[in-house]
Amino acid sequence: MTLIEAIKRSSCVLVIGHQRPDGDCLGAGLSVMHICKKFGKNVDILCDSDNPSQYAFMHGYERLNDKLFGGYDLLIILDCGDIYRMGKYQGYVKSITESFNIDHHKTNNHFAKYNTVLPNASSTCEIVYDLIKNEIEIDEITASLLYVGLSTDTGHFMHSNTTAKVLETAASLVAHGADAFLLSSALYKNTTINKTKLTSRALQSMRFYKDNRICIITVRQNDLNETNCTVADTEGLIDYGMKIGCVEVAICLTEQTRPHFKVSFRSKKCDVSAAASTFGGGGHTLAAGCVISGKYEDVIDKLLKSVTDGMSE
């Protein structure tokens, strides 16, 4: 059964994305919600996190975590590398008979009834596009939402996952109405003064290891509090480490409730998903994440060992 067939057969749909949703998660989730609504279905979209304000420009954003319905007969899970990324909503996998798991993380363990997991895809939005392009007419709203995920998960078409197919997909979405200039402006030229202050602190926190091949950025709770920012505002900070020519691996630690740290890894060549898996996380070869607990300096030591074990001398 295809995704569109399942939507047509349903009466009430629940769409779930991962904790701390990013552009790909929201692009995929909001586009699927929009498609469901076009078919006249009741639909809710949930993520076990606060709504990230930087994506407020996206169509349907106001419906995120606004639970209006119940009695769901179809569950669509998007961009969740494993069931635990659903957070408090993972129980819906058992309680809703028909479930789709659409994702591009190689660590995904196919936890739904129907699973479309393509690790070679650039983004979940790319997969959603492929699932619907021959089934429905893609309107401007759907095209714009999918373009957001395609852009953000490829680093605005600068990461190594930017293939010919990605660029062809982007061109198709633009042809269907996505405005590349307006969307890029909303995504990359729309920061706040508070996030700029947080970015300044993050840059000052940079520490370098292994002959400057590893860069670690740290955001502490007081940094968030004193700049009036949230964890969502740390998205993109790790890219500043990756911009440094000699840096091969960048790590961004965000202090959550003590002694827990949210950790993001980015790499230019070595497999950081292996490092993340050491701490129960996962992701892609060049981009991964996990949560680790402990005293700060001990956490640094553990992270350095996990990364250096996978680096060439």
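I will try to describe carefully the structure that is included in this document. Because the structure is a prediction, the values reported are computed rather than measured. (Residues numbered from 1 in each chain as written. Predicted model: local features only at pLDDT ≥ 70, side-chain atom pairs only at ≥ 80, totals over all residues. Heavy atoms only, no water.)

**A word on the layout of surface pockets**
The space that makes up the second largest pocket amounts to roughly 270 Å³. Taken together, Arg20, Ser49, Asp50, Asn51, Pro52, Ser53, Thr230, Val231, Ala232 and Gln256 make up the full set of residues lining the second largest pocket. Residue classes in the lining of the second largest pocket are distributed as three nonpolar, five polar and two charged. (1 Å grid on protein atoms, 1.4 Å probe; cavity = no way out; pocket = protein on both sides within 12 Å on 5 of 7 lines; lining within 4 Å. Points joined across faces, edges and corners; volume = space filled by probe spheres on them. Nonpolar A, V, L, I, M, F, W, Y, C, P; charged D, E, K, R; others polar.)

**Section: the pattern of salt bridges**
Pairing of side chains with opposite charge becomes possible as their charged atoms draw close. Within the structure shown, the criterion is met by 13 salt bridges. The partner of Glu248 in a salt bridge is Arg213, and the shortest N-O contact between them spans 2.9 Å. Residue Glu248 is located in the loop between helix H10 (238-242) and strand S8 (249-255), and its partner Arg213 is located in the loop between strand S6 (207-209) and strand S7 (214-219); the two are separated by 35 residues in the primary sequence. We classify Arg213 as buried; its relative accessible area is 14%. (Salt bridge = Lys/Arg side-chain N within 4 Å of Asp/Glu carboxyl O. Helix = DSSP H or I, 4+ residues; strand = E, 2+ residues; numbered from the N terminus. Buried < 20%, exposed > 50% of the residue type's maximum accessible area, 1.4 Å probe, protein only.)

**Notes on helix H2 (residues 23-38)**
Here H2 is 16 residues long and its end C-alpha atoms lie 22 Å apart, about the 22 Å a rise of 1.5 Å per residue gives. Counting buried residues along H2, 14 of its 16 residues qualify, which places the element largely inside the surrounding structure. One or two steps after H2, the chain reaches Gly40, where phi turns positive at roughly 80°. (Expected span 1.5 Å × (residues − 1).)

**Quick notes on the sheet that holds strand S2 (residues 42-46)**
Taking strand neighbours across the sheet as the criterion, the five strands line up as S2-S1-S3-S4-S5 in an open arrangement whose pairing is parallel. Each having just a single partner strand, S2 and strand S5 (114-117) make up the two edges of the open sheet. Geometrically, the sheet is characterised by an average inter-axis angle of 15° between neighbouring strands, direction not taken into account. Where strand S1 (residues 12-16) lies against strand S3 (residues 74-78), four bridges are found, and the strand directions are parallel. Within S3, the position partnered with Val13 by the bridge is Leu74. Those strands touched by helix H4 (residues 124-132) are S3, strand S4 (98-103) and S5, and its axis lies near 125° from that of S4. (Pairing = 2+ DSSP bridges. Axes fitted to C-alpha atoms, helices over the stretch in contact; angles between N-to-C directions. Contact = heavy atoms within 4.5 Å.)

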